[in-house]
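These are the residues of each chain, in order.
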Amino acid sequence: MSALSDNLVTFAILAYLVAMIGHAVEYALGNVRTRVATAAPVRELVTAGGGAAPTPPAPPASPPTSDRTAGRARLAGLIGVAATAVAAALHLAALVTRGLAADRMPWGNMYEFVLTVTFIGVAAWLVVLWKRQSLRKLGLFLTLVMVLLVATAELVLYVPIVPLVPALNSYWFIIHVSTIVFASGIFLLGVVPAVGFLMRNGYEQGKRSFPYTLAKRLPGAVGLERLTFALHAFAFPIFTFAVIAGAIWAEAAWGRPWGWDPKETWAFISWVVYAGYLHARATPSVRRNVATWIAVLGFLTMLMNLFGVNIFFTGLHSYGGLD
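Because the structure is predicted, anything quoted here is derived from the model rather than measured. (Residues numbered from 1 in each chain as written. Predicted model: local features only at pLDDT ≥ 70, side-chain atom pairs only at ≥ 80, totals over all residues. Heavy atoms only, no water.)

Chemist: Even after reading the chapter, I still don't get a nonpolar patch on the surface, so can you show me in this structure?
Modeler: On the surface, Met1, Leu4, Leu92, Val96 and Leu100 cluster together to form a nonpolar patch covering roughly 470 Å² of accessible area. Sorting elements by how many residues they give to the nonpolar patch places helix α2 (residues 65–102) first, with three residues. By the element assignment, leucine 92 lies in helix α2. (Patch = residues over 30% accessible without salt bridge, like charges linked within 9 Å, V, L, I, M, F, W, Y side chains within 5 Å. Areas by Shrake-Rupley, 256 points an atom, 1.4 Å probe, with all protein chains shown as cover. Salt bridge = Lys/Arg side-chain N within 4 Å of Asp/Glu carboxyl O. Helix = DSSP H or I, 4+ residues; strand = E, 2+ residues; numbered from the N terminus.)

Structure, rendered in structure tokens:
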């Protein structure tokens with residue numbers, strides 16, 4: 001079962017790569033300037049008597065070049081979406097088989113945590129895409145994030161299945177970790193339209209340098225900003241509950257609710273930054289691009305908590321599983 005899980009992760013990475021290529025082709029074809037073929041003027045043959053001789057009918061016109069290119073772009077985008085759905089199914093199967101092999105929830109170390117967070121992110125993306133097909137071009141950036149994170153988990157963070165450390169053997173393990181994983185997955189998805197908004201907003205303001213030109217084919221800045229806010233507003237209460245649940249668990253396990261352990265400290269920093277984003281977003285005097293930068297900063301603190309704390313610091317939350 002463990003070997004099956006490992007193979008499924010590999011296949012999921014390949015499927016995410018296919019999805020990324022499909023979205024990249026759609027993106028590239030959308031940027032190609034095409035010309036619509038125009039029919040040549042029909043000439044009439046005039047006879048000696050002054051009458052116009054009939055001319056042979058013109059062959060059927062081929063579809064305009066722009067229409068053909070648009071069709072190919074749309075097909076590539078749909079292939080990207082289909083491959084993303086297949087990758088998500090393989091991703092889920094890898095988590096289920098990993099949990100069955102370990103006889104526990106697959107959240108016991110960094111490898112399993114990253115796999116779960118990325119699955120939540122891509123599952124949420126498919127739900128958003130089902131509601132709003134106009135956002136499909138964001139799929140290129142989402143699948144790029146999936147390839148990078150899932151491949152990093154498989155190549156760098158992988159550890160064999162081991163039993164949970166004693167401190168994690170508690171029903172609070174399910175309550176605290178499930179909510180922190182879910183919120184983290186939504187924050188992961190939320191940073192994609194956030195970065196997209198910052199690039200698209202700059203492009204709409206006339207900036208034509210890199211990376212703003214990458215946003216030429218993205219949806220409008222207003223829609224991306226609203227999606228960013230909706231995702232963060234949805235995830236923040238869940239993240240807040242997860243932090244509170246962790247404090248209750250810490251009281252039961254270690255006799256104190258808060259001890260400024262490195263992971264606790266960075267969780268608090270992330271909470272403050274995300275709260276600051278929501279406050280800035282609700283303040284009319286704060287520009288939307290300034291508020292969005294705060295959201296991006298919040299995700300960077302989440303990455304620090306996930307990777308930096310587990311790799312560079314030691315503490316009561318050192319369950320990364322890395323040597």
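From this point on, the discussion continues.
Chemist: Explain helix α8 (residues 288–312) to me, please; I cannot follow it from the model alone.
Modeler: The α-helix winds at 3.6 residues per turn, so residues separated by three or four positions along the chain end up facing the same way. For α8, with 25 residues, the first-to-last C-alpha span of 34 Å sits near the 36 Å given by 1.5 Å per residue. The principal kink in α8, of about 35°, is found at methionine 304. (Expected span 1.5 Å × (residues − 1). Bend = angle between axes of the 7 residues up to and from the residue.)

Chemist: Whenever I open this one, the nonpolar core confuses me. Can you help?
Modeler: Within soluble globular proteins, side chains that are nonpolar tend to cluster in buried spots. One finds Tyr16, Leu138, Phe141, Val177 and Leu218 to be the most contacted residues of the largest nonpolar core, which totals 81 residues. Among the secondary structure elements, those contributing two or more residues to this core are α1 (2–31), α2, α3 (110–131), α4 (139–157), α5 (171–204), α6 (221–254), α7 (262–282) and α8. The element contributing the most residues to this core is α5, with 16 residues. Look past the residues within four positions of leucine 138 in its chain and what remains in contact with it is Trp125, Val192, Pro193, Leu218, Leu224 and Leu227. (Core = buried A, V, L, I, M, F, W, Y, C linked by side-chain atoms within 4.5 Å. Buried < 20%, exposed > 50% of the residue type's maximum accessible area, 1.4 Å probe, protein only. Contact = heavy atoms within 4.5 Å.)

Chemist: Looking at this structure, how should I read the environment of leucine 142?
Modeler: Within the secondary structure, leucine 142 sits in helix α4. Placed 126 residues apart in sequence, leucine 142 and tyrosine 16 show a C-alpha to C-alpha distance of 9.6 Å. Residues in contact with leucine 142, not counting those within four places in the same chain, are Val122, Trp125, Leu189 and Val192.

Chemist: What is the right way to look at the layout of surface pockets in this model?
Modeler: Once rolled over the atoms, a probe with the size of a water molecule shows which space is left empty. The computed volume of the largest pocket comes to approximately 340 Å³. For the largest pocket, the lining is made up of 16 residues, of which Val145, Val191, Val192, Val195 and Phe299 are closest to its centre. Broken down by secondary-structure element, the contributors of at least two residues to the lining of the largest pocket are α4, α5 and α8. Tallying contributions element by element places α5 first for the lining of the largest pocket, with six residues. The residue inventory of the lining of the largest pocket, partitioned by class, reads 15 nonpolar, one polar and no charged. (1 Å grid on protein atoms, 1.4 Å probe; cavity = no way out; pocket = protein on both sides within 12 Å on 5 of 7 lines; lining within 4 Å. Points joined across faces, edges and corners; volume = space filled by probe spheres on them. Nonpolar A, V, L, I, M, F, W, Y, C, P; charged D, E, K, R; others polar.)

Chemist: Looking at this structure, how should I read the packing of α5 against α8?
Modeler: Packed helices, taken two at a time, are described by the angle their axes make and the gap between the axes. For the pair α5 and α8, interaxial distance at closest approach is 9 Å and the crossing angle is 140°. The angle between α5 and α8 places the two elements in the oblique class. At the point where α5 passes α8, the crossing takes the left-handed sense. The segment α5 lies against α8, with Ser184, Phe187, Leu188, Val191, Ala194, Val195, Phe197, Leu198 and Asn201 engaging Arg288, Asn289, Thr292, Trp293, Val296, Phe299 and Met302. Of the residues contributing to the contact of α5 with α8, the split by class is 11 nonpolar, four polar and one charged. (Axes fitted to C-alpha atoms, helices over the stretch in contact; angles between N-to-C directions. Parallel < 35°, antiparallel > 145°, perpendicular 65-115°, else oblique. Left-handed = near helix turned anticlockwise from the far one by under 90°.)

Chemist: Help me out: how do you make sense of the packing of aromatic side chains in this one?
Modeler: Any two aromatic rings considered together are summarised by their centre-to-centre distance and by the angle between their planes. The full count for this structure, using the stated rule, is 11 aromatic pairs. Centre to centre, the rings of tryptophan 258 and tryptophan 260 are 5.7 Å apart; their planes meet at 80°, and the pair counts as edge-to-face. Ring centres of tryptophan 258 and phenylalanine 268 lie 6.4 Å apart, and the angle between their planes is 75°; on these two criteria the pair is classed as edge-to-face. One end of the pair, tryptophan 258, is in the loop between α6 and α7; the other, phenylalanine 268, is in helix α7, with 10 residues separating them in the sequence. Looking at tryptophan 258, the relative accessible area reads 29%, which means it is partly exposed. (Phe/Tyr/Trp six-rings, centres within 6.5 Å; stacked < 30°, edge-to-face > 60°.)

Chemist: Can you help me understand the environment of valine 159 in this one?
Modeler: Among the structural elements, valine 159 can be located in the loop between α4 and α5. Valine 159 sits in the buried class, given a relative accessible area of 9%. With 50 residues separating them along the chain, valine 159 and asparagine 109 place their C-alpha atoms 8.2 Å apart.

Chemist: Would you mind showing me how to read the packing of α3 against α4 here?
Modeler: At their nearest, the axes of α3 and α4 sit 9 Å apart, and the two run at 165° to each other. In terms of their interaxial angle, α3 and α4 are classed as roughly antiparallel. The chirality of how α3 crosses α4 is left-handed. Within the contact between the two elements, α3 uses Met110, Tyr111, Val114, Leu115, Thr118, Val122 and Trp125 and α4 uses Gly139, Leu142, Met146, Leu149, Val150, Ala153, Glu154 and Leu157. Per-class residue counts for the contact of α3 with α4 are 12 nonpolar, two polar and one charged.

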